[in-house]
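Reading the structure
The primary structure of each chain is shown beneath.
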Amino acid sequence: MPKALVTGAAGFIGYHLCQRLLADGFDVIGFDAMTDYYDVQLKQRRQANLLQSQRFRAVNDRLENDTVLHDLIALEKPDIIVHLAAQAGVRYSIDEPRSYVESNLIGTFNLLEAVRATPCTHLLMASTSSVYGANTDMPYAETDKADSQMSFYAATKKANEAMGHSYAHLYDTPITMFRFFTVYGPWGRPDMALFKFTRAILNGDPIDVYNHGDMRRDFTYVSDLVAGIRLLIDAAPERPKDAPSKGDSLSPVAPYRVVNIGNGEPTKLLDFIKAIERATGKTAVRNMMDMQPGDVPATWANGNLLRDLTGYAPQTSLQDGVDAFVAWYRDYYDV
């Protein structure tokens, strides 16, 4: 059976990806630091669900511990590695930037070094739509220039992309970076808008609506995201012999590519809130706020490259996805 190593396996996206890989017949090693950035019990519940499979093994440690990561990869020799572990959150990076250096920069460097010592057939690493920063031409395409990050979180993710490219070029490691666009769904992170809004609306508490609601996001349902990752696993980039085709972000000098994974349909923030109201059967009390530092008014993914490489495009409607999350939330918290 193929073997996969997933970092951040007890996280929101990592949990769903591990479930998909196990269903597809992979042996999966789930690496996670189980940090207290948000409710550790939620991470523990996700991990406990994964451990019900005999083909899942959990390793709880930090990416910053280079010896553990190096020895683990050398011993297990995974066929593919999906690197999702990171310190997430745009706003938190304003208050705690050092944690982003330690996890996103040092941790990713340690992983790249471990893979250099024990190569795998394909390394896939998570980036973010936040790297597009102040870009105003939309939808965002992978070949667009992205040098104006608005948050330190986004800056560390853009640095990861540059680090990955250099390792792909120097050591011929096939690397795919995927840029996520506002992922949501069951088992989501408590610091994200859908979770916070649902909790507040069900409790009758006000919600903070930034930029007075004048924001748009390309909301991407988690199972659609995972489907895209799964298909990209089988689409490892190769060092090109000729110039890449138009619209392809394949590097001209390395087996390296950047791919958007987004719904391709930006939604107004106020429409997003209305979807939650329909799902909960309750009306939100809106607290209109100015724009948060480091945030951007809109995101929108061009999904052409993902379709060209895999034939896939996300399919879940916003209302269906929000309904699924609210149903999970009510069941998990018994409300």
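In case you missed it, the structure is sitting above this.
Throughout what follows, the structure given in this document is the object of discussion. (Residues numbered from 1 in each chain as written. Predicted model: local features only at pLDDT ≥ 70, side-chain atom pairs only at ≥ 80, totals over all residues. Heavy atoms only, no water.)

Right, let's talk about the overall build of the protein for a bit. Along the backbone of the protein there are 11 helices and 13 strands. Over its C-alpha atoms the protein spans a radius of gyration of 19 Å, differing by no more than 12% from the 20 Å that the globule rule assigns to 335 residues. Dimensions along the principal axes, computed over C-alpha positions, put the protein at roughly 55 × 45 × 40 Å. Looking at the protein residue by residue over its 335 residues, the buried ones come to 53%. Contacts spanning at least 24 positions in sequence make up 80% of the contacts within the protein whose residues lie at least 6 apart. Approximately 14,400 Å² of the protein is accessible, and the part contributed by carbon and sulfur atoms is 49%. Placing the 33 positive and 41 negative side-chain charges of the protein at their respective mean positions leaves the two points 1 Å apart. (Helix = DSSP H or I, 4+ residues; strand = E, 2+ residues; numbered from the N terminus. Rg over C-alpha atoms; globule rule 2.2 N^0.38 Å. Buried < 20%, exposed > 50% of the residue type's maximum accessible area, 1.4 Å probe, protein only. Contact = heavy atoms within 4.5 Å. Areas by Shrake-Rupley, 256 points an atom, 1.4 Å probe, with all protein chains shown as cover. Lys, Arg positive; Asp, Glu negative; His and termini not counted. Charge placed at Lys NZ, Arg CZ, Asp CG, Glu CD.)

On to the state of the cysteines, then. All told, the structure shown has zero disulfides when counted by the stated rule. We note that Cys18 lacks a disulfide partner, and the nearest cysteine sulfur, in Cys120, lies 15 Å from it. (Disulfide = S-S within 2.5 Å.)

We now examine the packing of aromatic side chains. Summed over the entire model, instances satisfying the criterion amount to 25 aromatic pairs. Centre to centre, the rings of Phe178 and Phe180 are 5.2 Å apart; their planes meet at 15 degrees, and the pair counts as stacked. Side by side, Phe178 and Phe180 carry an identical accessibility label, which is buried. Between Tyr329 and Tyr333 the ring centres are 4.7 Å apart and the planes differ by 40 degrees, which places this aromatic pair in the tilted class. With Tyr329 and Tyr333 both in helix H11 (residues 318–333) and four residues apart, this pair spans about one turn of that helix. Members of the aromatic cluster, connected to one another through ring pairs, are Tyr15, Trp187, Phe195, Phe325, Trp328, Tyr329, Tyr332 and Tyr333. The ring of Tyr38 is capped by Lys43, whose NZ or CZ atom sits 4.6 Å from the centre of that ring. A cation over a ring is seen here: Arg179 above Tyr132, with NZ or CZ 4.7 Å from the ring centre. (Phe/Tyr/Trp six-rings, centres within 6.5 Å; stacked < 30°, edge-to-face > 60°. Lys NZ or Arg CZ within 6 Å of the ring centre and 35° of its normal.)

Strand order across the open sheet formed by seven strands is E3-E2-E1-E4-E5-E6-E11, with parallel pairing between neighbours. The open sheet is flanked by strand E3 (56–60) and strand E11 (256–261), the only strands paired with a single partner. Between one strand axis and the next, the sheet turns through 20 degrees on average, direction left out of account. With five bridges connecting them, strand E1 (residues 3–7) and strand E2 (residues 27–32) associate as parallel partners. (Pairing = 2+ DSSP bridges. Axes fitted to C-alpha atoms, helices over the stretch in contact; angles between N-to-C directions.)

Moving on to the nonpolar core. Counting residues in hydrophobic clusters, the biggest one holds 64 residues, and the most contacted among them are Val82, Phe178 and Val322. In this structure, Phe178 is in contact with Val82, Leu84, Leu124, Met125, Ala126, Ser127, Thr128, Ile229, Leu232, Val259 and Ile261, ignoring residues within four places of it in sequence. Membership of the second largest hydrophobic core comes to 25 residues, among which are Leu111, Leu112, Ala114 and Tyr167. (Core = buried A, V, L, I, M, F, W, Y, C linked by side-chain atoms within 4.5 Å.)

Glancing now at the packing of helix H7 (residues 193–203) against helix H9 (residues 269–280). As a packed pair, H7 and H9 sit with axes 10 Å apart at the nearest point and diverge in direction by 50 degrees. Between H7 and H9, the interaxial angle falls into the category oblique. In terms of crossing hand, the pair formed by H7 and H9 is right-handed. Side by side, H7 and H9 meet where Ala193, Leu194, Phe197, Thr198, Ile201 and Leu202 of the first sit next to Leu269, Phe272, Ile273, Ile276 and Thr280 of the second. Its residues assigned to classes, the contact of H7 with H9 comprises nine nonpolar, two polar and no charged. (Parallel < 35°, antiparallel > 145°, perpendicular 65-115°, else oblique. Left-handed = near helix turned anticlockwise from the far one by under 90°. Nonpolar A, V, L, I, M, F, W, Y, C, P; charged D, E, K, R; others polar.)

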